[in-house]
Amino acid sequence: MRSVSDPARAAKLIGLLALAALVVAFPALAPDPFILSVGVVIMSYAVLATSWNFVGGFTGYISLGHAAYSGLGGYATALLVVRADLNPWLALVLGGVVVAVLAVPIGIASLRVRGASFVIVSIALVLITLLVFQSWGDFTGGSNGLRVPRPFGPDVLRPEQHERFFYLHAALLAVALLCWWAIDRSRFGSGLKAIREDEDKAEALGVPTFTYKLVAFVVSAFFTALGGGLYALWFGFLDPIFQFSVLTGSYLVLMSLLGGVRSLFGPVLGAVIVGYAVEYFKAQYGDTQLHLVALGVLLAAVVLFMPDGIIPALRDLLHRFRPRTASIREVSQAELAEQRRAGTVEEARL
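Owing to the predicted nature of the structure, the values given are computational and were not obtained by experimental measurement.

Enquirer: For the overall build of the protein, give the residues involved together with the corresponding values.
Expert: Looking only at helices and strands, one finds 16 helices and two strands in the protein. Per-residue burial over the protein gives 42% buried out of 350 residues. As displayed, the protein has an accessible area near 19,000 Å², and 66% of this comes from carbon and sulfur atoms.

As structure tokens, then:
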């Protein structure tokens with residue numbers, strides 16, 4: 001058994017190291033600042049999709065309203081910098097904590113429903129936050145938006161800003177992935193998976209389902225808020241219509257479903273594919289809504305042909321072509337003859 005698992009483990013380690021090397025080298029490989037900025041956007045999507053996967057991947061609850069937490073994280077960070085004159089990095093962490101605290105009563109109210117009802121509640125949350133931040137113009141800037149001071153001085157040019165924020169997003173993504181990996185292998189993660197498979201049966205077996213769901217919900221909101229706050233510091237401007245958009249939540253769901261919600265790197269792979277496609281369509285076709293058509297077609301294709309995502313589909317394909325080991329060791333004819341000879345000699349002695 002060790003001979004099978006060790007090469008697979010070595011291959012995973014080599015692949016992980018190659019992926020890390022590619023991420024580190026990307027800013028140097030990017031041909032121009034625009035491509036580097038696209039890399040920052042894709043990395044931001046990867047952070048948000050991985051954060052969404054704490055709820056969608058573990059509990060099976062599909063939320064289209066995670067844009068509310070990224071938007072709240074962005075505005076919390078920006079307002080702490082602008083209004084309270086806090087250090088941007090302290091404001092980023094504090095903003096994530098504030099959103100996590102707000103997520104507790106939101107989770108207590110919304111997690112009491114399931115299925116389509118939960119989806120509707122998540123959409124309603126986005127619309128409510130949009131109306132609040134649009135109407136509260138004296139504090140949030142309203143429809144005029146809110147300008148966010150960048151954390152680096154004016155001597156740091158735009159390309160270097162992109163490079164620094166690319167690495168900051170990569171570091172946040174690494175922390176989120178490590179946390180997801182740790183939960184996946186814990187008793188807490190086993191309880192969440194039981195909720196995903198059959199919540200009523202899990203509750204009957206003694207799993208504190210509501211508490212487990214609420215903890216996963218708050219952790220997801222915390223990382224989503226950090227991703228939104230980091231994006232706000234990079235982009236330098238917040239618009240409530242863009243920050244609190246149901247379309248952003250749809251992107252996160254599509255990214256996770258495309259890559260595979262039950263795998264560690266599934267949302268990351270989905271973010272790379274969908275994020276690049278969205279930026280490509282925007283760059284090529286301007287303000288047209290063609291990227292929405294492409295989004296709908298891609299989502300339909302995923303649901304019809306790869307319901308579990310790309311990574312699980314590839315894993316099943318590899319298992320299909322992998323040689324299977326026999327459960328009982330095969331004995332050659334020579335070994336069988338030797339065993340019979342030994343048995344004959346033993347009988348003669350007796």
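After that view of the structure, there is still more to cover.
Enquirer: An account of the pattern of salt bridges is needed here, citing residue identities and associated values.
Expert: Under the defined criterion, the tally for this structure stands at eight salt bridges. The salt bridge partner of Asp184 is Lys193, with a shortest N-O separation of 2.7 Å. Owing to a relative accessible area of 24%, Lys193 belongs among the partly exposed residues under this scheme. Residues Glu197 and Arg196 are paired through a salt bridge, measuring 3.2 Å at the closest nitrogen-oxygen approach. Each member of the salt-bridge network shares a partner with another, and the members are Arg114, Glu199, Asp200 and Lys213.

Enquirer: Tell me what's going on with a nonpolar patch on the surface, and back it up with residues and numbers.
Expert: Together, Val93, Leu94, Val97, Val98, Val101 and Leu102 line one region of the surface with nonpolar side chains, adding up to about 450 Å² of accessible area. Note on placement: Val93 falls in helix α4 (residues 88-110). Here Val93 falls in the partly exposed class, since its relative accessible area comes to 45%.

Enquirer: A description of the packing of aromatic side chains should follow, citing residues and the corresponding values.
Expert: Per the counting criterion, the structure on display carries 22 aromatic pairs. When the ring of Tyr231 is compared with that of Phe235, the centres are 5.6 Å apart and the planes differ by 10°; the resulting orientation is stacked. Of this pair, Tyr231 and Phe235 both sit in helix α10 (residues 209-235), four residues apart, which is roughly one turn of that helix. Looking at Tyr231, the relative accessible area reads 15%, which means it is buried. With relative accessibility at 38%, the residue Phe235 sits in the partly exposed group. Ring centres 6.1 Å apart and planes at 55° place the aromatic pair Trp234 and Phe235 in the tilted group.

Enquirer: Any details on the packing of helix α3 (residues 67-82) against α10? Residues and values, ideally.
Expert: Close contact between α3 and α10 brings their axes to 6 Å; oriented N to C, the two are set at 50°. In terms of orientation, α3 and α10 fall into the oblique class. α3 and α10 meet at a crossing whose hand is right-handed. Along its contact with α3, which presents Tyr69, Ser70, Gly73, Gly74 and Thr77, the element α10 presents Phe217, Ala221, Thr224, Ala225, Gly228, Gly229, Ala232 and Leu233. The residue inventory of the contact of α3 with α10, partitioned by class, reads six nonpolar, seven polar and no charged.

Enquirer: Could you give an account of the environment of Phe34, naming the residues involved and the relevant values?
Expert: Structurally, Phe34 is set in helix α2 (residues 33-59). Residue classification places Phe34 among the partly exposed positions, given a relative accessible area of 47%. As a C-alpha pair, Phe34 and Pro159 span 125 residues in sequence and 8.6 Å in three-dimensional space.

Enquirer: So what about unusual backbone geometry? Which residues, and what values?
Expert: Within the chain, Asp85 stands out as a residue other than glycine whose phi angle is a positive 55°. Relative to the helices and strands, Asp85 is located in the loop between α3 and α4.

Enquirer: Break down α4 for me, citing the residues and quoting the values.
Expert: With 23 residues, α4 should cover 33 Å at 1.5 Å per step; its first-to-last C-alpha distance of 31 Å lies within 8% of that length. Taking the largest bend as the criterion, α4 deviates by roughly 30°, centred on Val104, and proline Pro105 comes between one and four positions later. Those residues of α4 that sit buried are Pro88, Ala91, Leu92, Gly95, Gly96, Val99, Ala100, Ala103, Gly107 and Ser110. On its buried face, α4 is in contact with α3, α5 (115-135) and α10. Near the N-terminus of α4, the side chain that reaches the backbone nitrogen of Trp89, with its oxygen 2.9 Å away, is that of Asn87.

Enquirer: Which residues make up the side chain of Asn53, and what values go with them?
Expert: Looking at the secondary structure, you find Asn53 in helix α2. For Asn53, a relative accessible area of 1% puts it in the buried group. At 3.0 Å, the side chain of Asn53 forms a polar contact with the backbone oxygen of Val261. Ignoring anything within four residues of it in the chain, the contact list for Asn53 reads Phe58, Trp180, Ser256, Val261, Ser263 and Pro267.

Enquirer: Outline the side chain of His66, supporting the account with residue identities and numerical values.
Expert: Structurally, His66 can be placed in the loop between α2 and α3. Within the local environment of His66, its side chain forms a polar contact with the side chain of Ser220, the two groups lying 2.7 Å apart. With sequence-adjacent residues up to four places away left out, His66 is seen in contact with Trp52, Val55, Ser220, Thr224 and Leu252.

Enquirer: Outline the packing of α3 against α5, listing residues and values.
Expert: The contact between α3 and α5 brings their axes to 9 Å, and the two run at 30°. The orientation of α3 with respect to α5, classified from their angle, is roughly parallel. Mapping the contact onto sequence places Ala68, Tyr69, Leu72 and Tyr75 in α3 and Leu125, Val126, Thr129 and Phe133 in α5. Taken together, the residues of the contact of α3 with α5 break down into seven nonpolar, one polar and no charged.

Conventions and cut-offs
Residues numbered from 1 in each chain as written. Predicted model: local features only at pLDDT ≥ 70, side-chain atom pairs only at ≥ 80, totals over all residues. Heavy atoms only, no water. Helix = DSSP H or I, 4+ residues; strand = E, 2+ residues; numbered from the N terminus. Buried < 20%, exposed > 50% of the residue type's maximum accessible area, 1.4 Å probe, protein only. Areas by Shrake-Rupley, 256 points an atom, 1.4 Å probe, with all protein chains shown as cover. Salt bridge = Lys/Arg side-chain N within 4 Å of Asp/Glu carboxyl O. Patch = residues over 30% accessible without salt bridge, like charges linked within 9 Å, V, L, I, M, F, W, Y side chains within 5 Å. Phe/Tyr/Trp six-rings, centres within 6.5 Å; stacked < 30°, edge-to-face > 60°. Axes fitted to C-alpha atoms, helices over the stretch in contact; angles between N-to-C directions. Parallel < 35°, antiparallel > 145°, perpendicular 65-115°, else oblique. Left-handed = near helix turned anticlockwise from the far one by under 90°. Contact = heavy atoms within 4.5 Å. Nonpolar A, V, L, I, M, F, W, Y, C, P; charged D, E, K, R; others polar. Expected span 1.5 Å × (residues − 1). Bend = angle between axes of the 7 residues up to and from the residue. Polar contact = N/O pair within 3.5 Å; in protein donor to acceptor, adjacent residues only side chain to side chain.

Just distances and angles here, no functional claims.
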